[in-house]
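Here is what each chain is made of, one letter per residue.
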Amino acid sequence: MKRSDISGFYKLNPAERLKIVKDFAGLSDEAAAILSNTASLGDLADLMVENVVGTMPLPVGIAMNFLINGKDYLIPMAIEETSVIAAASNAAKMARTGPRTKAGAGTGFQTSSTEPVMIGQIQLMNVPDPSSAKFTILANKDRILEIANEQDPVLVNLGGGAKGLEVKVIDTDTAAGSMVIIHLLVDVKDAMGANAVNTMAEAVAPFIEQITGGRVYLRIISNLATHRLVSARAVFAKDAIGGEETVDGIINAYLFAKYDPYRCATHNKGIMNGIDAVVIATGNDFRAVEAGAYTYAFITGKYLPLTRWEKNRDNDLVGTIELPLAVGIVGGAIRAHPTAKVNLEILGVKTANELAEVIAAVGLAQNFAALRALATEGIQRGHMSLHARNVAIAAGADGK
Ligand code: MEV
């Protein structure tokens, strides 16, 4: 079986590392060449966005050592910040080492996810009787879902499509009066889903206007994808991470974030260091993921950490993460961007859910690494030794 804990990987040069990744993922010569071509997207850039004048490359590094649900992954991360990839790799190594226990210590990450259901929001206004409009909309649910599904027979054939409706009345307490908000729930399968959902939301709007006599304004996906949740868990054996003092230090760091929004912002930022890097490497919409993550952190009305840290009966450290993750493996830039395609091939994920679960595990690992460093020697020692090269380059150093 292929393993991701390849010792000394960091000591190799980029070409030697790429050879290992190529063998691990079974990449073609052509795919490997795309990764090592750091220059440009070529003509593709001009097709992807407007007013193109160039491209801005980011380094892609590989997070090593990840064992997720018993499977080894090499995880491409695209990021400009020093020490993030090393920290994730180090955390993943600790998650799979130490004495294995019944609770799962030393067995890497376990993950789960809900169905990939996204919300399309439709804002209905100018109805004098909003509760009755809500009733009418729900009574016409089957027809609304039918109209939505007519827009995307391919998705429906794959088992996805519009599956449900939620309707709420918001009283604005202003001259605008009440608005009726309809949530169209769409199983988007392996896509991020924005295009499918927005098309469906726009398509059902005229029918909703017709049956309620109101006027529809906004028809757009919600980035707060609470029906598309992903979680990951890892049990770090206390002996693998520096003993009980480190376990307590990490839990205290978590409690600091739980009760102080100033710390919580930074705690969650560290999680997003890992999450965004994989989201970007796979050509996904990191703004959408960020918006969802930070809003989800506030879903209780109090801004909270996206991870939780506690001790089990053996005094080992148990970490969990839960957040919405709207990422796809088809559609959008994902299949157009050559590097994103190769990165997905390296990951070897078969579904969007599997990708989301890997990303959640990286977020948890990233948070563990940051809290462990902060609670012990501090972040600067490790960070600055790796960052020294950037400082030297900025000062004009060249080559080795
Ligand atoms: C730096 O990019 C991320 C950290 O600040 C995260 C944290 O403090 O938990 C190290």
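Residues numbered from 1 in each chain as written. Predicted model: local features only at pLDDT ≥ 70, side-chain atom pairs only at ≥ 80, totals over all residues. Heavy atoms only, no water.

Undergrad: Explain a nonpolar patch on the surface here, please?
TA: Taken together, the side chains of Tyr217, Leu218 and Ile220 define a hydrophobic patch exposed on the protein surface, amounting to about 270 Å² of accessible area. Along the chain, the position of Tyr217 falls in strand E7 (residues 215–222). (Patch = residues over 30% accessible without salt bridge, like charges linked within 9 Å, V, L, I, M, F, W, Y side chains within 5 Å. Areas by Shrake-Rupley, 256 points an atom, 1.4 Å probe, with all protein chains shown as cover. Salt bridge = Lys/Arg side-chain N within 4 Å of Asp/Glu carboxyl O. Helix = DSSP H or I, 4+ residues; strand = E, 2+ residues; numbered from the N terminus.)

Undergrad: Hey, could you run me through empty space enclosed by the protein in this one?
TA: The probe, sized like a water molecule, is rolled over the atoms to show the empty space still left. Taken as a whole and judged by the stated rule, the model has 1 cavity of 30 Å³ or more. As a volume, the largest cavity reaches approximately 40 Å³. Where the lining of the largest cavity is concerned, the elements lending two or more residues are strand E8 (229–236) and helix H14 (352–375). (1 Å grid on protein atoms, 1.4 Å probe; cavity = no way out; pocket = protein on both sides within 12 Å on 5 of 7 lines; lining within 4 Å. Points joined across faces, edges and corners; volume = space filled by probe spheres on them.)

Undergrad: Even after reading the chapter, I still don't get the packing of aromatic side chains, so can you show me in this structure?
TA: For any pair of aromatic rings, geometry is given as the distance between the ring centres together with the angle between the planes. For the structure on display, the rule yields 4 aromatic pairs. Where Phe236 meets Phe368, the ring centres are 3.9 Å apart and the plane angle is 5 degrees; that geometry is what we call stacked. Note that Phe236 is positioned in strand E8 and Phe368 in helix H14, a separation of 132 residues in sequence. Considered together, Phe236 and Phe368 belong to a single accessibility category, that of buried residues. Measuring from centroid to centroid gives 6.0 Å for Trp309 and Phe368, while their planes differ by 45 degrees, and the two rings are tilted. Of this pair, Trp309 sits in strand E9 (residues 307–311) while Phe368 is found in helix H14, placing the two residues 59 residues apart along the sequence. Since its relative accessible area comes to 2%, Trp309 is described here as buried. Exposure remark for Phe368: the relative accessible area of 1% places this residue in the buried category. Taken together through their ring pairs, the aromatic side chains of Phe236, Trp309 and Phe368 make up a single cluster. Positioned above the aromatic ring of Phe24, the side-chain terminus of Lys2 is 5.0 Å from the ring centre. (Phe/Tyr/Trp six-rings, centres within 6.5 Å; stacked < 30°, edge-to-face > 60°. Buried < 20%, exposed > 50% of the residue type's maximum accessible area, 1.4 Å probe, protein only. Lys NZ or Arg CZ within 6 Å of the ring centre and 35° of its normal.)

Undergrad: Even after reading the chapter, I still don't get the nonpolar core, so can you show me in this structure?
TA: Most often, soluble globular proteins keep nonpolar side chains buried together rather than apart. Formed by 68 residues in total, the largest nonpolar core has its most connected members in Phe66, Ile75, Met77, Phe109, Ile275 and Trp309. Counting residues per element, this core draws most heavily on H14, which supplies 12 residues. Apart from the residues within four sequence positions on either side, Phe66 is in contact with Ser4, Lys71, Asp72, Tyr73, Ile75, Ala88, Ala92, Arg96, Phe109, Ala361, Val362 and Ala365. (Core = buried A, V, L, I, M, F, W, Y, C linked by side-chain atoms within 4.5 Å. Contact = heavy atoms within 4.5 Å.)

Undergrad: Explain the pattern of salt bridges to me, please; I cannot follow it from the model alone.
TA: Oppositely charged side chains are able to pair whenever their charged atoms sit close together. For the coordinates displayed, the defined rule picks out 14 salt bridges. The shortest N-O distance in the salt bridge between Asp29 and Lys22 comes to 2.7 Å. Accessibility expressed as a relative area gives 59% for Asp29, which makes it exposed. Residue classification places Lys22 among the partly exposed positions, given a relative accessible area of 22%. Note that Arg381 is salt-bridged to Glu377, the shortest N-O span being 3.0 Å. A relative accessible area of 48% places Glu377 in the partly exposed class. One salt-bridge network, held together by shared partners, links Arg3, Asp5, Asp72 and Arg96.

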